[in-house]
Amino acid sequence: MPTAINALQKTARIRSKSSMSNPSSSTNNTHGNHGSSSSSSSSPLQGDAGNIATHIHHKMTTFLAVVTPFYLFAPESIIPSNEESTLNKCLGTLLAANVSAHSWIGMNYVVTDYVPKVNKAMVGPARAIVAAMSGITLLGLTKLALFEKGGIKGSITALWKKPSTAAAAAETSGN
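Overview of the structure. (Residues numbered from 1 in each chain as written. Predicted model: local features only at pLDDT ≥ 70, side-chain atom pairs only at ≥ 80, totals over all residues. Heavy atoms only, no water.)

**Structural notes on the pattern of salt bridges**
Any two side chains of opposite charge can pair if their charged atoms end up close together.
For step 1, the next point in the chain: Scanning all chains against the criterion turns up one salt bridge.
For step 2, the next point in the chain: Notably, a salt bridge pairs Glu-148 with Lys-143, separated by 3.3 Å at the nearest N-O pair.
For step 3, the next point in the chain: Look at Glu-148 and you get partly exposed, because its relative accessible area is 34%. (Salt bridge = Lys/Arg side-chain N within 4 Å of Asp/Glu carboxyl O. Buried < 20%, exposed > 50% of the residue type's maximum accessible area, 1.4 Å probe, protein only.)

**Details of the packing of helix α3 (residues 86-118) against helix α4 (residues 123-147)**
For step 1, the next point in the chain: Viewed as axis vectors pointing N to C, α3 and α4 meet at an angle of 165°, and their least axial separation amounts to 9 Å. Here α4 runs roughly antiparallel to α3, going by the angle between their axes. Where α3 crosses over α4, the handedness of that crossing is right-handed.
For step 2, the next point in the chain: Across the contact of α3 with α4, the residue classes tally to 16 nonpolar, nine polar and two charged. (Axes fitted to C-alpha atoms, helices over the stretch in contact; angles between N-to-C directions. Helix = DSSP H or I, 4+ residues; strand = E, 2+ residues; numbered from the N terminus. Parallel < 35°, antiparallel > 145°, perpendicular 65-115°, else oblique. Left-handed = near helix turned anticlockwise from the far one by under 90°. Nonpolar A, V, L, I, M, F, W, Y, C, P; charged D, E, K, R; others polar.)

**Some details on the nonpolar core**
For step 1, the next point in the chain: Within the largest apolar cluster, nine residues are counted, these being Leu-64, Val-67, Tyr-71, Ala-74, Ile-79, Leu-91, Leu-95, Ala-145 and Ile-152.
For step 2, the next point in the chain: Among the elements of the structure, α2 (50-73) and α3 are those that each provide at least two residues to this core.
For step 3, the next point in the chain: At three residues, α2 tops the list of elements feeding residues into this core.
For step 4, the next point in the chain: When residues no more than four places from it in sequence are discounted, the contact partners of Leu-64 are Pro-69, Leu-95, Asn-98, Val-99 and His-102.
For step 5, the next point in the chain: Counting residues in each nonpolar core, the second largest holds five residues, with Val-111, Val-123, Ala-126 and Val-130 among its members. (Core = buried A, V, L, I, M, F, W, Y, C linked by side-chain atoms within 4.5 Å. Contact = heavy atoms within 4.5 Å.)

**Side note on α4**
For step 1, the next point in the chain: For α4, which comprises 25 residues, the first-to-last C-alpha distance of 36 Å matches the rise-based estimate of 36 Å (1.5 Å per residue) to within 8%.
For step 2, the next point in the chain: The inward-facing, buried residues of α4 contact α3 and α5 (151-157). (Expected span 1.5 Å × (residues − 1).)

**Focus on the packing of α2 against α3**
For step 1, the next point in the chain: At a closest axis distance of 9 Å, the pairing of α2 and α3 adopts a crossing angle of 140°. By the angle between their axes, α2 is oblique relative to α3. Seen along the crossing, α2 lies across α3 with a hand that is left-handed. Residues Ala-53, Thr-54, Ile-56, His-57, Met-60, Thr-61, Phe-63, Leu-64, Val-67, Thr-68, Phe-70 and Tyr-71 of α2 pack against Asn-88, Leu-91, Gly-92, Leu-94, Leu-95, Asn-98, Val-99, Ala-101, His-102, Ile-105, Gly-106 and Tyr-109 of α3.

**Describing the environment of Tyr-109**
For step 1, the next point in the chain: Residue placement: Tyr-109 occurs in helix α3.
For step 2, the next point in the chain: The exposure class assigned to Tyr-109 is buried, which follows from its relative accessible area of 5%.
For step 3, the next point in the chain: As for Tyr-109 and Arg-127, which are separated by 18 residues in sequence, their C-alpha atoms are 10.0 Å apart.

Here's what the structure looks like:
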């Protein structure tokens, strides 16, 4: 049994060395051929370049899967959704940054996989559009988290609450 383990460890070391010497190799990349690009230079808009982006993307996925339900479903006694709650603003800002960065990297995977099949010249503009969408998402969610009553949590929970009669009366009289 120890010889089989040693053989597996030796094989893993050889694969690791070959993937380091050949960055376009996708043996250790869980997203297929995302470690390589069609051009020789790396663009700052290329959010899916290399194993670091993949690892960051996976860490953000885990963060969002754990923190988002906690943030949204925590009782008011733990995370109050009033205007003075620093914890609500901090968690909302963290979620805004993670959602934006996660979507930026994820959509770059989509650009890498599908845009070249349509037109290789469109990869750069598609990456710019993805970066712009992610930037707008970051600005909008951060504004919501910091300046709106209740932050992101308050806005989402408001979708399931009936408007108060005073707010409904003011809304109808304004029209």
